[in-house]
Amino acid sequence: MAKSRTTHSVLLGPGDMVTKWPGIGETRALELENLGVKTFEDLLGLWPHRHEDRSVITPLWMVQDGESVTVQGIIQSAHYDPVKKILRVQIQEGHASLTAIFFHASWLKRQFEPGYKAIFSGKAERRGHQLSMAHPDFQVMTEDREPLLGLVPIYPLSGSLKQVFMQRLMRDIVPRFAPQLSDPLPRPIQEQEGLISRPEAILHQHFPPNALALEASRKRLVFDEFLRIALAVLLMHQVDPHVPGMVQKPDGPLVQRFLASLPFSLTEGQKRHGTRFNMIYGSQRPWPGSCKAMWDLGKRSSLF
């Protein structure tokens, strides 16, 4: 995985707002908020939809029509047609060339400076000797940035957010803030269950060095999710004997109004044993957790 850039020297933590990061203004902050992101920690938990394998770069002369590939070449030109609103970027590798086509994207032209290497990923179309690719994902290699290859994350988007922006942002954010997160799972349990640390799982969920690392990351994150669910269920079932519950009166006006509103009549069994139907009449005990459900099985008038 490529090393992240040192964007600035300001000390930031996972709990800080993303608006403190250069390049995230009010508009982008609102778009990220639509994705549930306000802090850097929220951003770490914005999982990719999927990963695309871009570990293999196909030489331009080998590209077939209709093939989804990753290619590279030196930028020869970037021309925007204001009438057709089409940006055409031509790259060359040896004697072969490819034209990347972007519709309604005049603002992209400044990113494609001739002489720099560009990497395009998408579906190629060949017409004779002409090779093209419409709206490919792209990377322009500059001195301060290494190419993002291998298993490349594809993120959810909102508003005007672009995949290229999200991938660059995550490549800077994740390696910086993931190691700062604490791991609530004791190391003996990690070793017993064969799990990696949570910071490592988060890092590899975004930028896995290989498929095995991605699977190990998924295993740890799934374990954490089920652990949280199990702990929440246990917490819900805890009864504090010192906290009084609500005492219900089986012949009170609230119960009478409820019975009167039913679209059916109670069965004889329900009337005869009404005081034992706690789902109807509630609990007469002054502590929580004593309410039970009873119903007349097989009857249309069953109550739950």
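Along each chain, residue indices are assigned from 1 in the same order as the chain's sequence is written. The model is predicted, so local features are restricted to residues of pLDDT at least 70 and side-chain atom pairs to those at 80 or more, both for listing and for counting; the totals for chains, interfaces and linings are taken over all residues. Hydrogen atoms and water are omitted, and side-chain values are computed over all heavy atoms in the structure.

A.B. asks: Which residues make up the overall build of the protein, and what values do they have?
C.D. replies: We count a stretch as a helix when DSSP gives it H or I for four or more residues in a row; a strand needs E for two or more, and each element gets its number in order from the N terminus. Broken down by element type, the protein carries nine helices and eight strands. Each residue is assigned to one of three classes by its accessible area relative to the maximum for its type, calculated with a 1.4 Å probe on protein chains only: buried under 20%, partly exposed between the two thresholds, exposed over 50%. In the protein, which comprises 304 residues, the proportion classed as buried is 39%. The contact criterion used throughout is that any non-hydrogen atoms of two residues lie within 4.5 Å. Looking at the protein alone, contacts between residues at least 24 apart form 59% of all its contacts between residues at least 6 apart. Approximately 18700 Å² of the protein is accessible, and the part contributed by carbon and sulfur atoms is 56%. Only the protein chains shown count as cover for residues, and all accessible areas are computed by the Shrake-Rupley method using a 1.4 Å probe.

A.B. asks: Can you lay out helix α3 (residues 163-177) for me, pointing to particular residues and giving the numbers?
C.D. replies: Each full turn of the α-helix corresponds to 3.6 residues, which orients residues three or four apart in the same direction. Here the expected length of a helix is defined as 1.5 Å per residue gap, with one fewer gap than residues. A rise of 1.5 Å per residue sets the reference length of α3, with its 15 residues, at 21 Å; its end C-alpha atoms lie 21 Å apart and thus fit the reference within 8%. Within α3, 12 of the 15 residues are buried, leaving the element largely enclosed by the surrounding structure. Taken residue by residue, α3 has Gln163, Val164, Phe165, Met166, Gln167, Leu169, Met170, Arg171, Asp172, Ile173, Val174 and Phe177 as its buried positions.

A.B. asks: I'd love a proper account of the packing of aromatic side chains, names of residues and values included.
C.D. replies: Classification of ring pairs rests on two measures: the distance between centres of Phe, Tyr or Trp rings, Trp counted by its six-membered ring, which must be within 6.5 Å, and the angle between planes, read as stacked under 30 degrees, edge-to-face over 60 and tilted in between. The full count for this structure, using the stated rule, is seven aromatic pairs. Aromatic side chains Trp21 and Phe40 sit 5.9 Å apart centroid to centroid with 75 degrees between the ring planes, which places their arrangement in the edge-to-face category. Here Trp21, found in the segment before α1 (26-33), pairs with Phe40, found in helix α2 (residues 40-44); they are 19 residues apart in sequence, far enough to count as distant. The exposure classification of Trp21 matches that of Phe40, with both residues buried. Of the aromatic side chains, those joined through ring pairs into one cluster are Phe102, Phe112, Phe120 and Phe138. The ring of Phe165 is capped by Arg28, whose NZ or CZ atom sits 3.8 Å from the centre of that ring. The criterion for a charge sitting over a ring is simple: Lys NZ or Arg CZ within 6 Å of the ring centre, and within 35 degrees of the ring normal.

A.B. asks: An account of the packing of helix α5 (residues 198-206) against helix α6 (residues 211-236) is requested, with residue identities and associated values reported.
C.D. replies: A fitted line through C-alpha atoms represents every axis, and for helices the fit uses only the stretch in contact; the resulting angles, taken between N-to-C directions, go from 0 to 180 degrees. One can describe the packing of α5 onto α6 by two numbers: an axis separation of 8 Å at closest approach and a directional angle of 125 degrees. With respect to their mutual orientation, α5 and α6 come out oblique. Here α5 runs over α6; the crossing is left-handed. Between α5 and α6, the residues in contact are Arg198, Ala201, His204 and Gln205 and Ala213, Leu214, Ser217, Arg218, Arg220, Leu221, Asp224 and Arg228, respectively. Roughly parallel covers angles under 35 degrees, roughly antiparallel covers those over 145, roughly perpendicular covers 65 to 115, and oblique covers all other angles. Take the far helix as the reference: if the near one is turned anticlockwise from it by less than a right angle, the crossing is left-handed, and if turned clockwise, right-handed.

A.B. asks: Quick one: what's the story with the pairing of strand β8 (residues 150-154), residue by residue and with numbers?
C.D. replies: Most of β8 is tucked away: four of the five residues are buried. Each pair of strands is called paired provided DSSP finds at least two bridges between the two strands. Relative to β8, strand β1 (residues 50-54) runs antiparallel, the two being bridged by five bridges. Of the residues in β8, the one forming a bridge with His51 is Pro153.

A.B. asks: Tell me about the side chain of Thr39, and please be specific about residues and values.
C.D. replies: Tracing the sequence through the fold places Thr39 in the loop between α1 and α2. Ignoring sequence-local partners within four residues, the contact set of Thr39 consists of Pro14, Gly15, Asp16, Met17 and Val18.

As far as function goes, none of this settles anything; it's purely spatial.
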